[in-house]
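# Structural overview
One-letter residues, chain by chain:
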Amino acid sequence: MSKIFVGYTVKIAEIHIYQHDLPVVGPAYKMSLSQVTKLDTTIVEVVTNTGISGFGETCPVGPTYQPAHAAGARAAIAEIAPHLIGLEPLTIGTVQRRMHQALAGHNYAKAALDIALWDIAGKVHGMRVCDLLGGAARERVQSYYAVGIDEPDEVARVVRDKQGEGFVRLQIKVGGRNVAQDIEVVRKVFEVRDPAVSITLDANRAWTTRDAIQLSMACSDLDFVMEQPCATYDEVKSIKSLVRHPIYLDENTVDLNMIMRSIYDGVADGFSMKTTRVGGLTNMRTIREICQATNRPLSCDDSWGGDIIAAACLHIGATVPPNLSEGVWIADPYIEGNYDPENGIRLKDGWLDVPKGPGLGIVPDKSLWSTPQSFA
Ligand SMILES: [Mg+2]
């Protein structure tokens, strides 16, 4: 396929920004500091002069999970888009520099454009994004299930169900209540937990340092990871030598500097990475290399979103060496509908198959989305 374009310059001709509401299946999804009933997602389509288009997506899980919101993503992409028309999408570094010249920060918005560039590159070369990113280490990647805040018996029931379905890793949401209730939940979970299933407690920044230390001491006989226990990096750093459990960072890892600092401070034992928070697949590739060099496990996730962001996370997740992979989290079990009825990303028994088609391998039905805001 790449031969078609030898001697022919691929250029960005149009950019379209779509809005789409993804309904949450069943009751609201509860985290320590917020809950959601539907997701406002943003999809970008970057059209080239060859007719090949690339798609990207960014979907903050509500406006309070981190400093990102859906309307902000669309405003930021609209600010950047006119500066990218006429550029060569295959020179991703050049396009990245132009994005940073057009707008400071807003990585979560730039991520959608970055993902679309990788989709274009794959389609132009007739290669999958995972192969362009260095090659898939596996064709099936484990996912993990996040169990929302609930009563101990209900959390234990979901844990039993999900390990029965085939999940090999479960994340239990904690925080936002008396820590004694969290301790009760953890004890109940470990009564039913299959030892082959790994457990992560995700406080989503909600614990005080006191809560995190108390829970870790009270449960020192149980093997779990504590994810993003406290709000700030300094708080997490201050408890590191006082807790008995490994710590993964999530919300605090906003850029490559924070990732390197948290490793060299000895604070982060691993990472729950969000592709859009760090600006897309280009930076996720670098983070994978840093984690490989320092033996830190990582998961390749995003906050939420549909088939396009799920495919992006799965492509980079497939390139992580299996011994360091904490899997790929996607919103599929919690939302309704795929953009691509045939190749859409779906969980099968807790595992995900890497798409086979070129680029991200997703052929979306654009009629599902709003009339776009367009730039040419
Ligand atoms: Mg998390």
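Residues numbered from 1 in each chain as written. Predicted model: local features only at pLDDT ≥ 70, side-chain atom pairs only at ≥ 80, totals over all residues. Heavy atoms only, no water.

### Describing the coordination of the magnesium ion
Under ideal tetrahedral coordination, the four donors around a metal are separated by 109.5 degrees; under ideal octahedral coordination, the six donors are separated by 90 or 180 degrees. Around the magnesium ion, the donor atoms from the protein are Asp202 (OD), Glu227 (OE) and Asp250 (OD), and they sit 2.0 to 2.3 Å away. Read in sequence order, the donor residues coordinating the magnesium ion give the pattern D-x24-E-x22-D. Highlighted residues: Glu227 in strand β10 (residues 225–227) and Asp250 in the loop between β11 (247–249) and α9 (256–264), separated in sequence by 23 residues. A single burial state applies to Glu227 and to Asp250, both of which are buried. (Donors = N, O, S within 2.8 Å, 3.2 Å for Na, K, Ca; no water. Helix = DSSP H or I, 4+ residues; strand = E, 2+ residues; numbered from the N terminus. Buried < 20%, exposed > 50% of the residue type's maximum accessible area, 1.4 Å probe, protein only.)

### Here we look at the domain arrangement of the protein
Its domain assignment divides the protein into domain 1 (8–131 + 365–370) and domain 2 (134–353). A straight line from the C-alpha centre of domain 1 to that of domain 2 covers 23 Å. Listed per partner, the contact involves 39 residues of domain 1 and 44 residues of domain 2. Around 3400 Å² of area is buried between domain 1 and domain 2 when both sides are counted, 59% of it from carbon and sulfur atoms. For the pair domain 1 and domain 2, the number of links is 1 salt bridge. (Domains from an automatic or database assignment. Contact = heavy atoms within 4.5 Å. Buried area = accessible area lost by both parts, 1.4 Å probe. Salt bridge = Lys/Arg side-chain N within 4 Å of Asp/Glu carboxyl O.)

### Thoughts on the sheet that holds strand β13 (residues 298–301)
In spatial order, the strands read β7-β8-β9-β10-β11-β12-β13; together these 7 strands make up an open sheet with parallel pairing. Of all strands in the sheet, those bounded by a partner on one side alone are β7 (145–147) and β13. The average undirected angle you get between the axes of adjacent strands in this sheet is 25°. Relative to β10, strand β9 (residues 198–202) runs parallel, the two sharing 3 bridges. Pairing of Thr200 across the sheet is with Val225, part of β10. (Pairing = 2+ DSSP bridges. Axes fitted to C-alpha atoms, helices over the stretch in contact; angles between N-to-C directions.)

### Considerations on the sheet that holds strand β5 (residues 53–58)
One open sheet accounts for 4 strands, arranged β5-β4-β1-β15; its pairing is antiparallel. Unpaired on one side and paired on the other, β5 and β15 (373–375) mark the two borders of the sheet. Mean inter-strand twist for the sheet, computed between neighbouring axes without regard to direction, equals 20°. In terms of strand pairing, strand β4 (residues 38–48) meets β5 through 6 bridges, oriented antiparallel. Note on β5: the bridge partner recorded for Ile43 is Glu57. Running at roughly 95° to β5, helix α11 (residues 307–318) makes contact with β4 and β5 of the sheet.

### Some details on helix α3 (residues 107–125)
Each full turn of the α-helix corresponds to 3.6 residues, which orients residues three or four apart in the same direction. For α3, spanning 19 residues, the distance from its first C-alpha to its last is 26 Å, which sits close to the expected 27 Å at 1.5 Å a residue. Most of α3 sits out of view: 17 of its 19 residues are buried. Positive backbone phi, approximately 65°, marks Gly126, located one or two places after α3. (Expected span 1.5 Å × (residues − 1).)

### A short note on helix α5 (residues 152–165)
Its 14 residues give α5 an end-to-end C-alpha distance of 20 Å, which sits within 8% of 20 Å, the value for a rise of 1.5 Å per residue. Along α5, the residues classified as buried are Pro152, Val155, Ala156, Val158, Val159, Lys162 and Gln163. Seen from one end, α5 has its buried residues packed into an arc of 160°, which puts them on one side. Summarising the geometry of α5, the exposed residues directed more than 90 degrees from the buried face are Asp153 and Gly164. Next to the buried residues of α5 lie β7, β8 (169–173) and α6 (179–192). At the exit of α5 stands Gly166, carrying a positive phi of roughly 120°. (Arc of directions from axis to C-beta.)

### Description of the nonpolar core
Formed by 126 residues in total, the largest nonpolar core has its most connected members in Ile172, Phe224 and Trp304. Counting residues per element, this core draws most heavily on α3, which supplies 10 residues. The residue makeup of this core includes at least three contributed by each of domain 1 (8–131 + 365–370) and domain 2 (134–353). Other than its neighbours up to four places away in sequence, Trp304 contacts Val24, Tyr29, Leu39, Cys59, Val61, Ile309, Trp329, Ala331, Tyr334 and Ile335. (Core = buried A, V, L, I, M, F, W, Y, C linked by side-chain atoms within 4.5 Å.)

### A word on unusual backbone geometry
Despite not being glycine, Arg205 has its phi angle at roughly 80°, a positive value. You can call Arg205 partly exposed: its relative accessible area is 24%. One non-glycine residue, Gln228, lies in positive phi territory at about 35°. Mapped onto the secondary structure, Gln228 falls in the loop between β10 and α8 (233–239). The exposure class assigned to Gln228 is buried, which follows from its relative accessible area of 0%.

### Focus: the packing of aromatic side chains
Describing an aromatic ring pair means giving the distance of the ring centres and the angle of the ring planes. Within this structure, the stated rule accounts for 9 aromatic pairs. Judged by centre distance (5.7 Å) and plane angle (65°), the ring pair of Tyr145 and Phe167 falls under edge-to-face. Separated by 22 residues along the polypeptide, Tyr145 in strand β7 and Phe167 in the loop between α5 and β8 bring together distant segments of the chain. On the basis of relative accessibility, which here comes to 4%, the residue Phe167 falls in the buried class. Where Phe190 meets Phe224, the ring centres are 6.1 Å apart and the plane angle is 55°; that geometry is what we call tilted. With a gap of 34 residues between them, Phe190 in helix α6 and Phe224 in the loop between α7 (209–218) and β10 connect regions that are remote in the sequence. Taken together, the ring pairs connect Tyr145, Phe167, Trp304, Trp329 and Tyr334 into an aromatic cluster. Sitting above the plane of the Tyr145 ring, Lys162 keeps its charged end 4.3 Å from the centroid. The positively charged end of Arg169 is found above the aromatic ring belonging to Tyr144, 4.4 Å away from the centroid. (Phe/Tyr/Trp six-rings, centres within 6.5 Å; stacked < 30°, edge-to-face > 60°. Lys NZ or Arg CZ within 6 Å of the ring centre and 35° of its normal.)

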